[in-house]
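An overview of the molecular structure
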Amino acid sequence: LYMKKLFLLTTVILFTACQTATAPSEPKMSDEDIISSLKEKAVKLQDAILTQNLEEFNKHVDENIPFITGDSNLSKFYVMNSERFDIEQKAKWGTFELYDIDVSLVNSNTAVLTFYAKGDYTVGESDVIDYSTRASSVWVSTVNGWKIMHSNWAPLEGGTGIPK
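This structure is a prediction, so every number in the text was calculated from the model and none was measured. Starting afresh in each chain, residues are numbered from 1 along the sequence in its written order. A pLDDT threshold of at least 70 governs which residues receive local features in this predicted model, and a stricter bar of 80 or more applies before side-chain atom pairs are shown or counted, although totals over entire chains, interfaces and linings include all residues. Side-chain calculation: all heavy atoms of the structure are included, whereas hydrogens and water are not.

1. A few points about the environment of V143
With respect to the secondary-structure elements, V143 resides in the loop between β5 (129–142) and β6 (145–155). The class for V143 is exposed, based on a relative accessible area of 82%. Taking the C-alpha atoms as reference, V143 lies 10.0 Å from D62; in sequence the two are 81 residues apart. The helix and strand labels rest on DSSP assignments: H or I over at least four residues marks a helix, E over at least two residues marks a strand, and numbering proceeds from the N terminus. Note on classification: 1.4 Å probe, protein chains only; a residue is buried when its accessible area is under 20% of the maximum for its type, exposed when over 50%, partly exposed between these limits.

2. Focus: the sheet that holds strand β3 (residues 91–107)
Ordered in space as β2-β1-β6-β5-β4-β3, the six strands form an open sheet in which the pairing is mixed. Both edges of this open sheet fall to β2 (78–79) and β3, since each of them pairs with a single strand only. Strand pairing requires that DSSP identify at least two bridges connecting the strands. The sheet contact formed by strand β1 (residues 68–70) and β6 spans three bridges and is parallel. Its bridge partner being in β6, G70 is matched across the sheet by N152. By definition, residues are in contact when any of their heavy atoms lie within 4.5 Å. Orientation is described by axes fitted as lines to C-alpha atoms, over the contacting stretch for helices, and by angles from 0 to 180 degrees between their N-to-C directions. Contacting β3, β4 (110–123), β5 and β6, helix α2 (residues 31–51) runs over the sheet at an angle of about 155° to β3.

3. Observations concerning the packing of aromatic side chains
Only Phe, Tyr and Trp rings take part, Trp by its six-membered ring, and two of them pair if their centres are within 6.5 Å. Stacked means planes under 30 degrees apart, edge-to-face means over 60, and tilted covers everything else. Within this structure, the stated rule accounts for ten aromatic pairs. Residues Y121 and Y131 carry aromatic rings whose centres are separated by 6.4 Å and whose planes lie at 70° to one another, so their mutual orientation is edge-to-face. With Y121 in strand β4 and Y131 in strand β5, this residue pair connects regions lying ten residues apart in the sequence. The class for Y121 is buried, based on a relative accessible area of 3%. By the ring-pair criterion, three or more aromatic residues cluster together here, those being W93, F96, F115, Y121, Y131 and W153. For R84, the ring lying beneath its charged end belongs to Y78, and the centroid distance is 3.9 Å. The rule is short: NZ of Lys or CZ of Arg within 6 Å of the ring centre and within 35 degrees of the ring normal puts a charge over the ring. The positively charged end of K118 is found above the aromatic ring belonging to Y99, 5.0 Å away from the centroid.

No statement about biological role is implied by the geometric values presented.
This is the structure:
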């Protein structure tokens, strides 16, 4: 009788554990909703970087996944993190806009975004410099939502990137 009760208790515990482990925490989003959300996240992340809004920036990165980026001045890749917010920016932005954002869902956990950016900035007392680039980013689905892991920016044909 003791073994029967122990077996029954073990079965209930295992069944409960399996149910909890496999139960989805949120309803599955449609591909259209994921695409729309990622486009919005890309814009919000870039706005957070330009305005140095660390709270908003942290919503789009995962501390366990390095966010590697390459700027439109074609310098070496680097890790974009909160420490970068302490570095004084050379460019003072007038306008900045992401446009023609295309989202390719590689699978249910990975998406590649390609897009363009335009705007203008000044450096010191310089004249206004027109900014025009093409870019891409890779986002991954985590337990905390979609997070960026990589981006790459380059001057659009005939365009200008940021200063070195």
